[in-house]
Amino acid sequence: MDEKKRKPDLGLLRLVAPYLRAHKPLIAVSVFALLAGHFFSLSLPFLTRHAVDVDIKGGDPAGLGRTAFLFGGALLLGFAFTAGSNLGVSYLGQRLLYALRLDVLRKVFRLPSGYFDRTSTGTVLTHLTNDVEAVRQFVSEGLVTVAGDLILAAFVFAAMFAVNWRLALATAVSVPLFLLATALFRKAIRTGFRRVRAANSEINTALVESLGGHSVISLFRHRTPAIRHFDGRNREYLDAYRQVVDAYAAYFPVIEVVTHLSLALVLAVAHFRMGAAVKPGEVFALFALINMFFRPLRDLAENFNTFQSALAALERIDRLMGEPEPIADPPRPRLPGRAPGGEIRFERVSFSYLPGKPVLRDLSFSVRPGEKVAVVGATGAGKSTLAHLVPRLYDVDAGSVSVDGIDVREWPLAGLRERLAVVPQNVFLFTGSAADNIRLFAPEVGRQAVVEAARAVNAHGFIERLPKGYDENVLEEGMSLSTGQKQLLAFARAFVAKPSLLILDEATASIDSETEALIEKSLDRLLEGRTAILIAHRLSTIRRVDRILVLHQGRLVQEGSHEVLLKQDGLYRQLYEMQALALA
Ligand SMILES: Nc1ncnc2c1ncn2[C@@H]1O[C@H](COP(=O)(O)OP(=O)(O)OP(=O)(O)O)[C@@H](O)[C@H]1O
Ligand SMILES: [Mg+2]
């Protein structure tokens with residue numbers, strides 16, 4: 001990935017700025033608590049020095065008691081403030097996670113269908129889970145803590161010199177060793193975590209595909225290769241994480257050694273200078289301070305990684321948030337008249353999903369209000385594509401699609417999609433009851449409207465026979481609807497929407513003749529008084545239309561009624577004879 005070469009840009013922090021701005025008081029309180037916690041922790045070595053050099057040396061038990069009391073108080077306050085600051089910062093991180101995830105999901109909904117053609121579900125899923133989590137971690141464990149650690153290290157350093165500069169200098173000798181160990185450690189965990197992240201994204205993709213393709217995997221005895229494929233990713237994750245764990249395992253003991261080396265150096269200097277320039281209390285204080293000094297530095301080395309992976313995650317989120325939204329409301333939408341209308345016009349439409357691979361070419365036709373038109377053609381002819389252009393799932397490359405005399409790109413998007421219902425080739429069911437799947441969770445659609453729609457399209461019968469009727473969860477374990485039932489449910493969905501235009505992309509799957517008869521009857525009710533484009537695979541569907549359009553490789557090659565087209569020596573007759581149209 002390009003992530004390796006490019007240095008993440010600190011300017012990306014502007015992405016989190018609005019979320020942080022919303023929590024200014026919380027940040028102020030957390031930072032204050034952090035500083036106060038540091039202050040009280042830092043006072044402990046000084047109290048120790050006072051106890052040894054003044055109270056004990058001076059033989060003052062009452063004074064020692066007072067100092068001990070202060071020590072206890074400082075310890076308690078330091079603990080309280082540090083705990084408070086941790087709490088505030090964690091809470092801040094969770095608030096950010098919540099808000100950022102919602103914003104990313106909102107963005108995902110605004111993206112055009114084309115984005116999902118070129119991006120795997122696993123990748124989008126990783127944005128919504130790992131990437132937002134990395135940013136949270138950065139805010140709660142990185143930003144404030146890093147700033148706090150830097151401040152603490154600087155304070156401790158100054159305090160060490162304030163206690164005794166000779167002893168402090170002795171400590172400084174071990175600093176290069178610390179820096180070397182840290183540099184090696186950072187390099188190891190950086191490459192390790194980068195591998196972990198890449199493996200994680202691949203695991204997500206493999207999982208999404210395994211779940212989505214579960215039946216294909218079973219049916220085609222693809223299980224062993226699928227497991228082997230997954231195992232490869234899983235093992236890479238394991239290996240990558242081991243690299244990280246190894247680095248930690250070596251680094252922490254090294255830091256312990258460096259810390260104790262400093263302590264030894266302090267003792268050595270004390271040995272040579274004792275009496276003249278070093279007091280025992282100062283040695284005690286220095287011991288405490290040295291322990292305090294390396295901890296934040298070690299944390300910084302650790303947090304540096306969080307910081308980097310958060311920047312990389314931010315970069316990915318930034319790229320996602322910056323994706324263009326070509327399919328949006330026009331700046332000045334044209335409002336259609338009040339009349340329901342129902343006219344569709346394609347004018348010299350060309351369209352391709354991928355540059356250089358045209359799917360629709362110079363396609364022109366129109367459907368008058370109330371007219372029913374069938375579109376037929378071989379598989380891959382571009383029929384479903386045509387259906388995608390009317391509700392603007394995709395926009396045309398050239399030419400125009402208009403509804404009721406207005407180019408679809410000039411319609412308010414919601415208004416356009418309200419006027420139109422599409423029954424797609426493959427019906428998607430959501431987790432929820434049968435009723436929810438018909439009303440698509442729209443609270444304003446009451447139970448009565450749902451039942452009415454189901455009755456109108458003959459879905460009522462089978463829904464009522466479900467164990468819990470309209471409240472049956474249609475995706476529950478063991479509860480799955482047949483293709484025909486899904487089709488009827490989708491009809492009810494369209495019926496509830498009361499559209500003036502209907503596009504039906506007929507499922508190619510064959511269904512039994514009883515269901516077929518049911519669907520035919522339902523279709524009559526659904527089409528009543530509406531303009532419709534029926535992408536037809538069945539002769540029974542074709543029979544009820546006014547006109548048939550024959551599509552071949554994205555071009556309109558024939559147009560007319562079933563009888564007229566059959567008489568012509570053209571593609572329609574070929575399709576008919578090859579039984580590409582299911583002749584039920
Ligand atoms: N999302 C997509 N990205 C890229 N190419 C696509 C996409 N969807 C369809 N295509 C291509 O566009 C062409 C037309 O596809 P379309 O789905 O419109 O065919 P169709 O006529 O509906 O076929 P069928 O009868 O099998 O449903 C095909 O060559 C297909 O490979
Ligand atoms: Mg299709």
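Values in this document were obtained by computation on a predicted structure and should not be read as measured data.

Across its full length, the chain carries 20 helices and 10 strands. For the chain, the C-alpha radius of gyration of 35 Å lies well beyond 25 Å, the compact-globule estimate for 584 residues. For the chain, the spread of C-alpha atoms along the principal axes amounts to about 120 × 50 × 45 Å. Residues counted as buried form 46% of the 584 residues belonging to the chain. Expressed as a percentage of contacts within the chain between residues at least 6 apart in sequence, the contacts between residues at least 24 apart total 77%. Of the roughly 30100 Å² of accessible surface on the chain, 60% is carried by carbon and sulfur atoms. The averaged location of the 58 negative side-chain charges in the chain is 4 Å from the averaged location of its 68 positive side-chain charges.

So, on to a nonpolar patch on the surface. Together, Val31, Leu35, Ile151 and Phe155 give the surface a local cluster of nonpolar side chains, amounting to about 290 Å² of exposed area. For the nonpolar patch, the elements supplying multiple residues, two or more each, are α2 (24–56) and α5 (121–163). The exposure class of valine 31 is partly exposed, given its relative accessible area of 33%.

The next point concerns the site of ligand 1. In the vicinity of ligand 1 lie 14 residues, with Thr379, Lys383, Ser384, Thr385 and Gln425 positioned nearest. At 3.0 Å, a side-chain N or O of aspartate 117 approaches a nitrogen atom of ligand 1. At 2.4 Å, a side-chain N or O of threonine 379 approaches an oxygen atom of ligand 1. Sorting elements by how many residues they give to the shell around ligand 1 places helix α11 (residues 383–389) first, with three residues. A class-by-class count of the residues in the shell around ligand 1 yields five nonpolar, seven polar and two charged.

The next point concerns the coordination of the magnesium ion (ligand 2). Protein ligation of the magnesium ion (ligand 2) involves Ser384 (OG) and Gln425 (OE1), the donor distances falling in the range 1.9 to 2.4 Å. Here serine 384 is found in helix α11, whereas its partner glutamine 425 is found in the loop between β6 (420–423) and α13 (434–439), with 41 residues between them in sequence. Serine 384 gets classed as buried once you look at its relative accessible area, which sits at 18%. Overall, the relative accessible area of 25% leaves glutamine 425 in the partly exposed class.

Moving on: the pattern of salt bridges. The final tally for this structure, using the stated rule, is 29 salt bridges. Of the charged contacts, one joins arginine 136 and glutamate 133 as a salt bridge, the two residues approaching to 2.8 Å between their closest N and O atoms. With a gap of three residues between them, arginine 136 and glutamate 133 both fall in helix α5, about one helical turn apart. According to the relative accessible area criterion, arginine 136 is buried, its value standing at 11%. Close ionic contact of aspartate 362 with arginine 348 constitutes a salt bridge, the shortest N to O distance being 2.9 Å. Of this pair, aspartate 362 sits in strand β2 (residues 358–367) while arginine 348 is found in strand β1 (residues 344–352), placing the two residues 14 residues apart along the sequence. Judged by its relative accessible area of 40%, aspartate 362 is partly exposed. Through salt bridges that share partners, Arg368, Glu371, Arg547 and Glu559 make up one connected network.

Before going further, it helps to examine the confidence of the model for the chain. Scored by pLDDT, the chain comes out at a mean of 88, with 96% of its residues at no less than 70. Between the elements of the chain, mean pLDDT differs from a low of 80, seen in helix α8 (residues 214–219), to a high of 97, seen in β1. This model gives residues 1–5 a pLDDT under 50, and the stretch forms five contacts once residues within four places in sequence are excluded.

This part covers the pairing of β1. Note that β1 and β2 share six bridges and pair antiparallel. Within β2, the position partnered with valine 349 by the bridge is leucine 363. Here β1 folds back onto β2 in antiparallel fashion, the turn holding five residues, of which glycine 356 has a positive phi close to 85°. Direction of pairing for β1 relative to strand β4 (residues 398–403): antiparallel, over a ladder of five bridges. Along β4, the bridge assignment pairs arginine 345 with serine 402.

Here we have six strands laid out as an open sheet, ordered β6-β7-β8-β3-β9-β10, and mixed in their pairing. Single-partner strands in this sheet number two, and they are β6 and β10 (555–560). Taken pair by pair, the neighbouring strands of this sheet meet at an average axis angle of 15°, ignoring direction. With five bridges connecting them, strand β9 (residues 547–552) and β10 associate as antiparallel partners. Bridge assignment links isoleucine 548 to a residue of β10, and that residue is glycine 560. Contacts from helix α16 (residues 483–496) reach β6 and β7 (501–505) within the one sheet, and its direction differs from that of β6 by about 175°. The sheet contacts of helix α17 (residues 513–527) involve β3 (372–377), β7 and β8 (531–535), and relative to β7 the element is tilted by about 155°.

What follows covers the environment of phenylalanine 71. By the secondary structure assignment, phenylalanine 71 is in helix α3 (residues 61–110). Taking relative accessible area as the criterion, phenylalanine 71 reaches 29% and is therefore assigned partly exposed. Residues phenylalanine 71 and threonine 48, 23 residues apart in the sequence, show an inter-C-alpha distance of 8.0 Å. With residues up to four places along the chain from it excluded, the contact list for phenylalanine 71 reads Leu44, Leu47 and Thr48.

In this section: the packing of α3 against α5. Viewed as axis vectors pointing N to C, α3 and α5 meet at an angle of 155°, and their least axial separation amounts to 9 Å. Regarding the angle of α3 to α5, the classification is roughly antiparallel. Once α3 is placed against α5, the crossing between them reads as right-handed. When α3 is examined against α5, the residues Val89, Ser90, Leu92, Gly93, Gln94, Leu96, Leu97, Leu100, Arg101, Val104, Leu105 and Val108 are found in contact with a partner set consisting of Val124, Leu128, Val132, Glu133, Val135, Arg136, Val139, Ser140 and Val144. Residues that form the contact of α3 with α5 fall into these classes: 14 nonpolar, four polar and three charged.

Right, let's get into the side chain of threonine 385. Residue placement: threonine 385 occurs in helix α11. On the basis of relative accessibility, which here comes to 7%, the residue threonine 385 falls in the buried class. Sequence-distant contacts of threonine 385, defined by excluding residues within four places in its chain, comprise Phe351, Tyr353, Val359 and Leu360.

By secondary structure assignment, the location of arginine 455 is in helix α14 (residues 447–456). Each C-alpha atom, one on arginine 455 and one on alanine 492, is 8.3 Å from the other, the two residues being 37 residues apart in sequence.

So, about the pairing of β7. Every regular strand shows the same layout, with side chains that alternate between the two sheet faces. Within β7, five of the five residues are buried, which leaves the element mostly enclosed by the surrounding structure. Neither face of β7 is open: one carries Leu501, Ile503 and Asp505, the other Leu502 and Leu504, and all of them are buried. One ladder, built from four bridges, connects β6 with β7; its direction is parallel. Of the residues in β7, the one forming a bridge with valine 422 is isoleucine 503. One ladder, built from five bridges, connects β7 with β8; its direction is parallel.

Criteria and cut-off values
Residue positions within a chain follow its written sequence, with the count starting from 1. Chains carry letters from A onward and ligands carry numbers from 1 onward, assigned in written order. Per-residue local features are limited, in this predicted model, to residues with pLDDT of at least 70; the limit for side-chain atom pairs, both in listing and counting, is 80 or more; totals at the level of whole chains, interfaces and linings are taken over all residues. Side-chain numbers come from the whole structure's heavy atoms, not from hydrogens or water. Comment: elements are numbered from the N terminus, with helices defined as DSSP H or I runs of at least four residues and strands as E runs of at least two. C-alpha atoms define the radius of gyration, and 2.2 Å times the number of residues to the power 0.38 defines the globule rule. Residue exposure (1.4 Å probe, protein chains only): buried if accessible area is under 20% of the type maximum, exposed if over 50%, otherwise partly exposed. Contact criterion: two residues are considered in contact whenever any of their non-hydrogen atoms come within 4.5 Å of each other. With residues, only the protein chains shown are counted as cover, and all accessible areas are computed by Shrake-Rupley using a 1.4 Å probe. Residues scored as charged are limited to Lys and Arg (positive) and Asp and Glu (negative), so that His and the chain ends carry no count. To locate a charge, take atom NZ for lysine, CZ for arginine, CG for aspartate or CD for glutamate. Residues enter patches when their relative accessible area tops 30% and they take part in no salt bridge; the joining distance is 9 Å for like charges and 5 Å for the nonpolar side chains Val, Leu, Ile, Met, Phe, Trp and Tyr. Throughout this description, the term salt bridge denotes a Lys or Arg side-chain nitrogen within 4 Å of a carboxyl oxygen of Asp or Glu. By convention in these notes, a residue is near a molecule or strand provided one of its non-hydrogen atoms lies within 4 Å of it. By the criterion applied in these results, polar contacts are pairs of N or O atoms within 3.5 Å in which, for protein atoms, one can donate a hydrogen and the other can accept it, and in which residues neighboring in sequence qualify only through two side-chain atoms. Side-chain classes are defined by residue name, with Ala, Val, Leu, Ile, Met, Phe, Trp, Tyr, Cys and Pro counting as nonpolar, Asp, Glu, Lys and Arg as charged, and the others, Gly among them, as polar. Sites may look incomplete because water is not among the atoms; the donors themselves are N, O and S atoms within 2.8 Å of the metal, or within 3.2 Å for Na, K and Ca. What pLDDT reports is the predictor's confidence in each residue, on a scale of 0 through 100. Any two strands are treated as partners once DSSP identifies two or more bridges connecting them. The axes used here are C-alpha line fits, helices contributing only the stretch in contact, and every angle between their N-to-C directions lies in the interval 0 to 180 degrees. In what follows, roughly perpendicular refers to angles from 65 to 115 degrees, roughly parallel to angles under 35, roughly antiparallel to angles over 145, and oblique to any angle outside these ranges. Crossing chirality is assigned from the near helix's rotation relative to the far helix, an anticlockwise turn below a right angle marking it left-handed and a clockwise turn marking it right-handed.

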